[in-house]
Amino acid sequence: MSEWETVPLQDVLDFQEGPGIMAVDFHPEGVPLLRLAGLKRNASLLAGCNYLDPEKVTKRWDHFRLRKGDVLLSTSASLGEVATVDDSAVGAVAYTGIIRFRPKNSAVDADFIQYMLLAPSFKRQIEAMGVGSVMKHFGPTHLRQMTVDVPRLRDQHAIAEVLGVLDEKIAVNERIAAKADELSHALFASEFGVTAARASGSDWTPGYLSDLCSTQYGYTASSTPEPAGPRFLRVKDINKRNWITWDDVPHCEISERDLERYRLSVGDVLVARMADPGKSAIVEEPADSVFASYLVRLRTASLAHSYFVWGFLKSRAYADYAESVRGGSVQANMNAKVIVGAQLSIPPVALMERYLRHITPVRSRLTLALKESRTLTALRETLLPPLMSGRLRVKDAEQMVEDHV
């Protein structure tokens with residue numbers, strides 16, 4: 001640690017908070033306005049973004065445009081989320097509640113900044129500085145009071161490189177998962193037609209989604225990041241991607257009796273009834289888990305039935321159905337009866353089983369990529385604190401990474 005310096009953050013980093021822009025300035029298309037959702041781990045930077053009129057950006061917010069390699073930090077709601085600007089967000093603008101960082105001088109390697117902001121010593125300062133009784137936040141004024149730990153430049157390069165290898169491998173796995181998911185839905189369209197609702201054949205049966213599954217409402221409890229019980233799957237855990245990232249799912253306390261009643265199994269299909277009604281997921285890996293009350297579980301006769309039901313839930317036909325039947329003047333919702341009230345053409349079981357055979361290797365590749373990413377993420381989180389405090393030599397960290405990549 002003797003070769004590390006603790007210095008005022010403002011002495012080595014240039015930072016700028018995104019502008020506060022009114023909704024009236026949002027545009028149907030144009031320059032992306034990045035939101036906090038884009039800073040979540042493994043999320044696309046453009047997730048949940050709004051857009052701005054390019055001409056207006058040039059006149060009023062051009063100096064907020066992002067460059068490749070800029071580092072972004074969330075300073076509102078989910079404090080301390082960090083992301084690096086890639087090609088997808090070059091020229092975009094970060095919204096208020098997000099602060100952009102660049103090196104202020106040659107004392108800091110740009111690739112090292114994200115790890116400075118993730119270091120435990122910096123996170124402790126974030127937690128101490130967060131203000132607000134309802135929603136925690138901090139801003140540039142607080143950053144001017146914070147410090148960062150800075151090693152020699154050559155050590156910054158080495159740390160950024162060893163942790164960057166893990167980040168890149170995790171990103172590759174994310175792309176593999178996305179491609180595998182895309183392929184599985186293409187196979188559904190190929191097997192059953194563009195939408196099962198319109199597909200027809202002599203041995204197909206007209207019916208309703210309720211003919212293929214039973215329904216069950218979820219468990220009511222508060223979630224906690226602490227491992228107080230099984231994983232507690234919520235709407236927010238299923239409405240961003242077409243797979244479940246179990247490491248991001250919190251826990252809950254539950255009695256043994258309720259655990260048996262709400263325990264999730266491979267092949268269970270979950271559909272959101274509130275918050276984002278109609279969004280769905282399928283359980284593809286064994287996990288000690290239960291599901292929250294805003295979700296409805298659909299159970300079918302077999303795994304082949306489950307994947308057919310889930311494929312239909314992801315189809316354009318079901319999206320149109322969900323849009324047409326959502327109720328609620330304040331918050332959109334769909335009860336269990338409405339969720340399974342969609343009409344469709346039901347194919348013969350042999351066709352569902354053939355589809356299952358086709359997508360099993362594809363979904364297995366997806367879950368394998370996610371499993372590997374969990375291992376790499378755990379290794380990264382293990383290495384980062386001692387590396388960022390000088391307690392672990394980079395050479396030792398490199399060996400540990402080589403053993404896993």
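Residues numbered from 1 in each chain as written. Predicted model: local features only at pLDDT ≥ 70, side-chain atom pairs only at ≥ 80, totals over all residues. Heavy atoms only, no water.

(A) Highlighting the overall build of the protein chain. Within the protein chain, the regular secondary structure consists of twelve helices and 17 strands. Taking 405 residues into account, the globule formula puts the C-alpha radius of gyration at 22 Å, and the protein chain, at 24 Å, falls close to it. Residue pairs at least 24 apart in sequence account for 75% of intrachain contacts in the protein chain once pairs closer than 6 positions are excluded. As displayed, the protein chain offers around 19700 Å² of accessible surface, 51% of which is attributable to carbon and sulfur atoms. (Helix = DSSP H or I, 4+ residues; strand = E, 2+ residues; numbered from the N terminus. Rg over C-alpha atoms; globule rule 2.2 N^0.38 Å. Contact = heavy atoms within 4.5 Å. Areas by Shrake-Rupley, 256 points an atom, 1.4 Å probe, with all protein chains shown as cover.)

(B) Focus on the sheet that holds strand 6 (residues 82-84). Across the sheet, which stays open at both edges, the four strands sit in the order 2-8-5-6 with antiparallel pairing between neighbours. Two strands close off the open sheet at either side, each with one partner strand: strand 2 (13-17) and strand 6. Adjacent strand axes in the sheet meet at a mean angle of 25°, parallel and antiparallel pairs treated alike. Inspection of the sheet shows strand 5 (residues 71-74) paired to strand 6 by three bridges, in the antiparallel sense. Within the sheet, the bridge partner assigned to Val71 lies in strand 6 and is Thr84. (Pairing = 2+ DSSP bridges. Axes fitted to C-alpha atoms, helices over the stretch in contact; angles between N-to-C directions.)

(C) Inspection of helix 6 (residues 153-192) at higher detail. Over its 40 residues, helix 6 extends 58 Å from the first C-alpha to the last, a length consistent with the 58 Å expected when each residue adds 1.5 Å. Maximal helix bending in helix 6 amounts to about 25°, located at Gly164. Looking one or two residues beyond helix 6, the residue adopting positive phi is Gly193, at roughly 90°. (Expected span 1.5 Å × (residues − 1). Bend = angle between axes of the 7 residues up to and from the residue.)

(D) Spatial organisation of the environment of Phe188. In this fold, Phe188 is placed in helix 6. The exposure class assigned to Phe188 is buried, which follows from its relative accessible area of 3%. Once the C-alpha coordinates of Phe188 and Ala275 are considered, the two residues, 87 residues apart in sequence, prove to be 27 Å apart. (Buried < 20%, exposed > 50% of the residue type's maximum accessible area, 1.4 Å probe, protein only.)

(E) Layout of the packing of aromatic side chains. Counted under the stated rule, the structure contains 14 aromatic pairs. For the pair Phe26 and Tyr95, a centre-to-centre distance of 6.3 Å together with 70° between the ring planes defines the contact as edge-to-face. Linking Phe26 in strand 3 (residues 26-34) with Tyr95 in the loop between strand 7 (93-94) and strand 8 (98-103), this pair joins segments that are 69 residues apart in sequence. Measuring from ring centre to ring centre gives 5.3 Å for Phe192 and Tyr355, while their planes differ by 70°; the resulting arrangement is edge-to-face. One end of the pair, Phe192, is in helix 6; the other, Tyr355, is in helix 11 (residues 349-387), with 163 residues separating them in the sequence. Pairwise contacts between aromatic rings join Phe188, Phe192, Trp204, Phe308 and Tyr355 into one cluster. (Phe/Tyr/Trp six-rings, centres within 6.5 Å; stacked < 30°, edge-to-face > 60°.)

(F) Highlighting the pattern of salt bridges. For the structure on display, the rule yields 25 salt bridges. Two residues, Asp288 and Arg263, come together in a salt bridge whose shortest N-O distance is 3.3 Å. With Asp288 in the loop between strand 14 (280-282) and strand 15 (289-291) and Arg263 in the loop between helix 7 (256-262) and strand 13 (269-272), this residue pair connects regions lying 25 residues apart in the sequence. On the accessibility criterion, Asp288 (44% relative accessible area) is partly exposed. Since its relative accessible area comes to 28%, Arg263 is described here as partly exposed. Across the pair Arg393 and Asp396 runs a salt bridge, and its minimum N-O distance is 3.2 Å. A relative accessible area of 55% places Arg393 in the exposed class. You can call Asp396 partly exposed: its relative accessible area is 33%. Each of Asp25, Lys56 and Arg60 takes part in a single network of salt bridges with overlapping partners. (Salt bridge = Lys/Arg side-chain N within 4 Å of Asp/Glu carboxyl O.)

(G) Quick peek at the side chain of Asp268. Relative to the assigned elements, Asp268 resides in the loop between helix 7 and strand 13. Reaching out from Asp268, the side chain makes a polar contact with the backbone nitrogen of Ser265 at a distance of 2.9 Å. Side chain to side chain, Asp268 and Arg299 meet in a polar contact 2.8 Å long. (Polar contact = N/O pair within 3.5 Å; in protein donor to acceptor, adjacent residues only side chain to side chain.)

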